Every structure is written in structure tokens, then in C-alpha cells.
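Residues per chain, in single letters:
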Amino acid sequence: MTDIDLSDLVANMLSAAGDSLKDKWPESKDYAESEFKKIGETIIFISQEVLAGRMSEEKTKLHLEMQKNSSKMVLLTLEGLGLLAVEAAINAALKVVSDTVNSAIGFALL
Amino acid sequence: MKVKSNPFYAAHRLAFCAIISVLIFSAGCTSIKLIADYDEVIDSSVTEFQKNMETHLIKLERNIGTDDASHENNIDFYDEARVELSSIRVRAAAILKNELTLTQIELLIQNLENLEKIHELGIAANDIPPLRNAFNTGTTAILKLELAKKRGIEVEE
């Protein structure tokens, strides 16, 4: 088994998440970076325990499955934050339409 | 009068009416929601679950190697935790546009099942750090999304 480089691992996770989220990425990056770093450190810890013969294969699989599930939960939060950002943008645009129409007709129609 | 009969102005007026109609139609729903509203019960239940899980992990850590840390002596915790998460899952499923949170709860349930399998194999000191990280990361993710659903209110880190 080769050594895992934490910074490479976190950078690759961030890059994959960033590609998926595109323009909604900047505001979520700090949260993602912090969580992926913790997950990366944990994966390295597990691999070190395996290499030292202190963790069985059966347990390792379960631990890695749990870290994978936690990563999915982080990604789902990022997706939700992205949706909330899109929602806010659409609602801001709708408000402009409403304000413009109300102002043009002189009373609050919308 | 002459202007009104001009086909150029007539087309202009028609286009203007069409644009206004589209604007009124789209603004008819003055705001949209792409994701569920904040739910206080999910917030407090997931926070409570995290607290119970941390208590469980601290007790296991303290009692490793003794009967108190055996799986048999902790079955009640797993039964109660399952009921707790099942109840949160039902709540999350009942809320419209809440698929992301629902999936997160299902992943948390899978992690609880994996924890119990690890416990059945015999818990060791080196199991605790990855277990703690998995549950803290997962519950933080659920709570971060839930709090963001408050919309417009700053979420404390």
C-alpha cells in the first residue's frame, strides 16, 4: 500500500466537488475544505492502523463505508446550499419584475 | 389616430402587451422555493442524536476492555438510537422538497448500522476516532443544511 498524501487527497476531493457545483462553489468552499480535510485525515489514520496490523480487513471496510457516507452527506449539504443560492437569485429577479410592474402601474398589483 | 393604425406601432403595442403578460405571469408567484423550509424538530432531534452518540462513544472509550463496553451490554443504546433516527426519517419524509435531508438521514442510519457491526466485532481504542469523525461530520452536514433553510439568517459556524 502506498502512502496517502493528505493535501493531494483533499485537493482532489475539492476539485471534484467544485466541478459539480460550478458557480455555486465559492461560498461553500470553506465548509467543504474543512470537512474533506477531517475525512482525509481519518482515512489516513485508518490506513495507518491497517498497515500496522491493528485493524482487521472487515472493520476497515466498515470504517471506510462510514467515511464514504459522511462524505456523501457533506456533498448533499453543498447541493442544498447551491439550490438555496439559485432560489435566492430567482426570487431577487422576480422581486425586480414585481417592483417594476407595480411602479409602472402606480399601485401594488403584484 | 393615424399612429394607432400604423402596423409598426400595432406590432410594438402587441409586443409590449406580451412582455407585460409574461412579467405578470412570472411575477404572479412572487417567490419560489426549491428546497424545504427549516424544521425545528429535525434541528433539535439531530442535535439530540449527536449528543447521545458522543456520550456513547465517550463511555465506550472509557470502558474499552471491560464488560461495560461489550456489544451485549449496549444493545439498548442501538435500539433507542434506531427508533430516534427512524422518527427523524419519518418527519423528514413528510416535508415537501426535503429529499436531500431525507437522504442524509438514511446515510446516518447506515452509519449507525455499520457502527453496531464494528461493535459486534469488538470495539478497540483505534475505532473511536474514525467513528467520532463519521458521526460528527454527518450530523454537522445535516444541521448546516437545516439551518441554511432558515434563509437570509446568518448561519453560525
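Before reading further, recall that the structure is shown in the block above.
If you're wondering where the values come from, they're calculated on a predicted model, not measured in any experiment.

1. Quick word on the packing of aromatic side chains
Residues and elements named next belong to chain B. Applying the stated criterion to the full structure yields two aromatic pairs over all chains. Between Phe49 and Phe135, the ring centres sit 6.2 Å apart and the planes meet at 55°, which makes this aromatic pair tilted. Residue Phe49 is found in helix H3 (residues 40-63), and its partner Phe135 is found in helix H6 (residues 128-148); the two are separated by 86 residues along the sequence. What makes Phe49 buried here is its relative accessible area of 1%. Here Phe77 and Tyr78 contribute two aromatic rings whose centre-to-centre distance is 5.3 Å and whose plane-to-plane angle is 80°, an arrangement assigned as edge-to-face.

2. As for the side chain of Thr101(B)
By secondary structure assignment, the location of Thr101(B) is in helix H5 (residues 99-121). Setting aside residues up to four positions removed in sequence, Thr101(B) forms contacts with Ile42(B), Ala92(B), Leu145(B), Glu146(B) and Lys149(B).

3. Some thoughts on the pattern of salt bridges
Following the criterion strictly, the structure yields 16 salt bridges over all chains and no others. As a salt-bridge pair, Glu106(B) and Arg89(B) come within 2.8 Å of each other at their nearest N and O atoms. Of this pair, Glu106(B) sits in helix H5 while Arg89(B) is found in helix H4 (residues 75-94), placing the two residues 17 residues apart along the sequence. A salt bridge links Glu146(B) to Lys149(B); the nearest nitrogen and oxygen atoms lie 2.9 Å apart. Accessibility classification places Glu146(B) together with Lys149(B) in one group, the buried group. Where salt bridges share partners, they join Glu87(A), Lys33(B), Asp37(B) and Arg151(B) into one cluster.

What counts and how
Residues numbered from 1 in each chain as written. Chains lettered and ligands numbered in written order. Predicted model: local features only at pLDDT ≥ 70, side-chain atom pairs only at ≥ 80, totals over all residues. Heavy atoms only, no water. Phe/Tyr/Trp six-rings, centres within 6.5 Å; stacked < 30°, edge-to-face > 60°. Helix = DSSP H or I, 4+ residues; strand = E, 2+ residues; numbered from the N terminus. Buried < 20%, exposed > 50% of the residue type's maximum accessible area, 1.4 Å probe, protein only. Contact = heavy atoms within 4.5 Å. Salt bridge = Lys/Arg side-chain N within 4 Å of Asp/Glu carboxyl O.

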